[in-house]
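Here is how the chains run, residue by residue.
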Amino acid sequence: MTECIFCKIANKDIPSKIVYEDDRIVVFHDLQPQAPVHVLIIPKKHISSMDDLQVEDTELIGYLMVKVKDIAAELELENGYRLVNNCGEDGLQTVKHLHFHLLGKRKMTWPPG
Ligand code: 5GP
Ligand code: ZN
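Note that the structure is a prediction, hence the values are computed from the model and not measured. (Residues numbered from 1 in each chain as written. Chains lettered and ligands numbered in written order. Predicted model: local features only at pLDDT ≥ 70, side-chain atom pairs only at ≥ 80, totals over all residues. Heavy atoms only, no water.)

*Asks:* Sorry, what's going on with the coordination of the zinc ion (ligand 2) here?
*Replies:* Geometrically, a metal with four donors at the corners of a regular tetrahedron has ideal angles of 109.5 degrees, and one with six donors at the corners of a regular octahedron has ideal angles of 90 or 180 degrees. The coordination sphere of the zinc ion (ligand 2) contains the protein donors Cys4 (SG), Cys7 (SG), His46 (ND1) and His97 (ND1), at a distance range of 2.0 to 2.3 Å. Read in sequence order, the donor residues coordinating the zinc ion (ligand 2) give the pattern C-x2-C-x38-H-x50-H. Here His46, found in the loop between β3 (37-43) and α2 (58-74), pairs with His97, found in the loop between β4 (81-84) and β5 (100-104); they are 51 residues apart in sequence, far enough to count as distant. (Donors = N, O, S within 2.8 Å, 3.2 Å for Na, K, Ca; no water. Helix = DSSP H or I, 4+ residues; strand = E, 2+ residues; numbered from the N terminus.)

*Asks:* Explanation requested: the packing of aromatic side chains in the structure shown.
*Replies:* To describe a pair of aromatic rings, one takes the distance between the centres and the angle between the planes. In this structure the tally under the stated criterion is one aromatic pair. The side chain of Arg24 reaches across the aromatic face of Tyr63, ending 3.7 Å from its centre. (Phe/Tyr/Trp six-rings, centres within 6.5 Å; stacked < 30°, edge-to-face > 60°. Lys NZ or Arg CZ within 6 Å of the ring centre and 35° of its normal.)

*Asks:* Would you take a moment to explain the pairing of β3 for this structure?
*Replies:* Counting buried positions along β3 yields seven of seven residues, so the element is predominantly enclosed. Direction of pairing for strand β2 (residues 25-29) relative to β3: antiparallel, over a ladder of five bridges. The partner of Val26 across the bridge, within β3, is Ile42. With five bridges joining them, β3 and β5 adopt antiparallel strand pairing. For Leu40, the partnering residue across the bridge sits in β5 and is His101. (Buried < 20%, exposed > 50% of the residue type's maximum accessible area, 1.4 Å probe, protein only. Pairing = 2+ DSSP bridges.)

*Asks:* Would you take a moment to explain α2 for this structure?
*Replies:* Think of an α-helix as turning once every 3.6 residues; residues three or four places apart then point the same way. Under the 1.5 Å per step criterion, the end-to-end length of α2 is 25 Å for 17 residues, consistent within 8% with the ideal 24 Å. Taken as a whole, α2 has its buried residues at Leu60, Ile61, Tyr63, Leu64, Lys67, Val68, Ile71 and Ala72. Immediately beyond the C-terminal end of α2, within one or two residues, lies Glu76, with a positive phi of roughly 60°. (Expected span 1.5 Å × (residues − 1).)

*Asks:* Would you explain the pairing of β5 in this entry?
*Replies:* Each regular strand displays side chains that alternate between the two surfaces of the sheet. Of all five residues in β5, five are buried; the element is thus mostly enclosed. Judged by which residues are buried, β5 turns out to be covered on both faces: Phe100, Leu102 and Gly104 on one side and His101 and Leu103 on the other are all buried. With four bridges joining them, β4 and β5 adopt antiparallel strand pairing. Within β5, the residue paired with Arg82 across the bridge is Leu103.

Rendered as C-alpha coordinates:
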(Lines give C-alpha, C1' and ligand atoms only; values in the text may rest on other atoms or scores of the structure.)
(Ligands and ions follow the chains in the order given, each with its own letter.)
Protein backbone atom coordinates (compact mmCIF):
# COMPACT_ATOMS: atom_id res chain seq x y z
CA MET A 1 0.00 0.00 0.00
CA THR A 2 1.76 3.14 -1.23
CA GLU A 3 0.44 5.63 1.34
CA CYS A 4 1.11 3.43 4.36
CA ILE A 5 4.02 4.63 6.48
CA PHE A 6 4.96 1.13 7.68
CA CYS A 7 4.87 -0.23 4.12
CA LYS A 8 7.26 2.59 3.28
CA ILE A 9 9.51 1.58 6.17
CA ALA A 10 9.40 -2.07 5.04
CA ASN A 11 10.27 -0.95 1.48
CA LYS A 12 13.06 1.36 2.78
CA ASP A 13 11.33 4.33 1.18
CA ILE A 14 11.64 6.09 4.52
CA PRO A 15 14.45 5.48 6.98
CA SER A 16 14.13 3.61 10.26
CA LYS A 17 16.42 1.84 12.68
CA ILE A 18 15.86 -1.75 11.62
CA VAL A 19 16.95 -4.39 14.12
CA TYR A 20 15.78 -7.48 12.24
CA GLU A 21 14.41 -8.29 8.82
CA ASP A 22 13.64 -11.36 6.76
CA ASP A 23 11.37 -12.14 3.83
CA ARG A 24 8.21 -11.92 5.95
CA ILE A 25 8.71 -9.47 8.82
CA VAL A 26 10.57 -6.29 9.78
CA VAL A 27 11.49 -5.09 13.26
CA PHE A 28 12.47 -1.47 13.86
CA HIS A 29 12.81 0.98 16.74
CA ASP A 30 9.73 3.06 17.57
CA LEU A 31 10.17 6.78 16.87
CA GLN A 32 8.76 7.65 20.31
CA PRO A 33 9.97 4.90 22.64
CA GLN A 34 7.83 4.20 25.71
CA ALA A 35 10.49 2.04 27.36
CA PRO A 36 14.30 1.76 27.15
CA VAL A 37 13.68 -0.90 24.49
CA HIS A 38 10.67 -0.31 22.25
CA VAL A 39 10.55 -1.90 18.82
CA LEU A 40 7.72 -2.54 16.40
CA ILE A 41 7.30 -5.94 14.75
CA ILE A 42 5.38 -5.85 11.49
CA PRO A 43 4.53 -8.27 8.69
CA LYS A 44 5.82 -6.96 5.35
CA LYS A 45 2.41 -7.73 3.91
CA HIS A 46 0.01 -4.83 4.40
CA ILE A 47 -2.70 -5.93 6.83
CA SER A 48 -4.53 -2.97 8.37
CA SER A 49 -5.18 -4.35 11.86
CA MET A 50 -5.96 -7.45 13.90
CA ASP A 51 -9.54 -7.02 12.72
CA ASP A 52 -8.42 -7.48 9.11
CA LEU A 53 -6.61 -10.78 9.57
CA GLN A 54 -7.77 -13.58 7.30
CA VAL A 55 -7.38 -17.33 7.68
CA GLU A 56 -4.78 -17.21 4.90
CA ASP A 57 -2.61 -15.04 7.21
CA THR A 58 -2.43 -17.74 9.87
CA GLU A 59 1.01 -19.00 8.93
CA LEU A 60 2.47 -15.49 8.58
CA ILE A 61 1.19 -14.34 11.96
CA GLY A 62 2.14 -17.62 13.60
CA TYR A 63 5.64 -17.17 12.21
CA LEU A 64 5.80 -13.59 13.52
CA MET A 65 4.75 -14.75 16.99
CA VAL A 66 7.32 -17.51 17.09
CA LYS A 67 10.02 -14.98 16.14
CA VAL A 68 9.23 -12.72 19.12
CA LYS A 69 11.37 -14.73 21.53
CA ASP A 70 14.34 -14.57 19.17
CA ILE A 71 13.97 -10.80 18.76
CA ALA A 72 13.62 -10.43 22.54
CA ALA A 73 16.77 -12.49 23.05
CA GLU A 74 18.65 -10.39 20.49
CA LEU A 75 17.60 -7.25 22.38
CA GLU A 76 18.72 -8.86 25.67
CA LEU A 77 15.26 -8.84 27.24
CA GLU A 78 16.07 -11.88 29.35
CA ASN A 79 14.18 -10.40 32.32
CA GLY A 80 10.91 -10.29 30.41
CA TYR A 81 9.01 -7.95 28.14
CA ARG A 82 5.58 -6.84 27.05
CA LEU A 83 4.05 -7.46 23.62
CA VAL A 84 1.21 -5.09 22.75
CA ASN A 85 -1.22 -4.69 19.89
CA ASN A 86 -3.48 -1.65 19.69
CA CYS A 87 -6.54 -2.28 17.53
CA GLY A 88 -9.05 0.24 16.30
CA GLU A 89 -10.30 3.43 17.86
CA ASP A 90 -10.71 2.27 21.45
CA GLY A 91 -7.40 0.43 21.25
CA LEU A 92 -5.76 3.73 20.20
CA GLN A 93 -4.31 2.34 17.00
CA THR A 94 -2.72 5.24 15.13
CA VAL A 95 -0.91 3.47 12.28
CA LYS A 96 -3.20 1.29 10.17
CA HIS A 97 -0.64 -1.41 9.38
CA LEU A 98 -0.68 -4.33 11.80
CA HIS A 99 2.16 -4.05 14.30
CA PHE A 100 3.15 -5.42 17.67
CA HIS A 101 4.99 -3.27 20.20
CA LEU A 102 7.78 -5.12 21.99
CA LEU A 103 8.72 -3.21 25.14
CA GLY A 104 11.35 -4.03 27.70
CA LYS A 105 14.16 -3.04 30.05
CA ARG A 106 11.78 -1.55 32.57
CA LYS A 107 9.16 -2.90 34.98
CA MET A 108 5.73 -2.59 33.37
CA THR A 109 2.56 -1.71 35.22
CA TRP A 110 -0.86 -3.35 35.14
CA PRO A 111 -3.59 -2.53 34.26
CA PRO A 112 -2.37 -0.61 31.19
CA GLY A 113 -3.73 2.89 30.69
P1 5GP B 1 -0.10 2.49 17.50
O2 5GP B 1 -0.55 3.66 18.32
O3 5GP B 1 -0.71 2.51 16.11
O4 5GP B 1 -0.24 1.18 18.19
O5 5GP B 1 1.46 2.66 17.35
C6 5GP B 1 2.09 3.32 16.32
C7 5GP B 1 3.52 3.51 16.73
O8 5GP B 1 4.27 3.86 15.59
C9 5GP B 1 3.73 4.63 17.75
O10 5GP B 1 4.35 4.10 18.91
C11 5GP B 1 4.61 5.63 17.02
O12 5GP B 1 5.56 6.22 17.86
C13 5GP B 1 5.24 4.79 15.93
N14 5GP B 1 5.55 5.51 14.72
C15 5GP B 1 4.71 6.33 14.02
N16 5GP B 1 5.32 6.80 12.92
C17 5GP B 1 6.56 6.25 12.91
C18 5GP B 1 7.66 6.35 12.01
O19 5GP B 1 7.63 7.03 10.99
N20 5GP B 1 8.78 5.64 12.32
C21 5GP B 1 8.85 4.87 13.45
N22 5GP B 1 10.00 4.21 13.65
N23 5GP B 1 7.84 4.75 14.31
C24 5GP B 1 6.70 5.44 14.05
ZN1 ZN C 1 1.16 -0.98 5.18
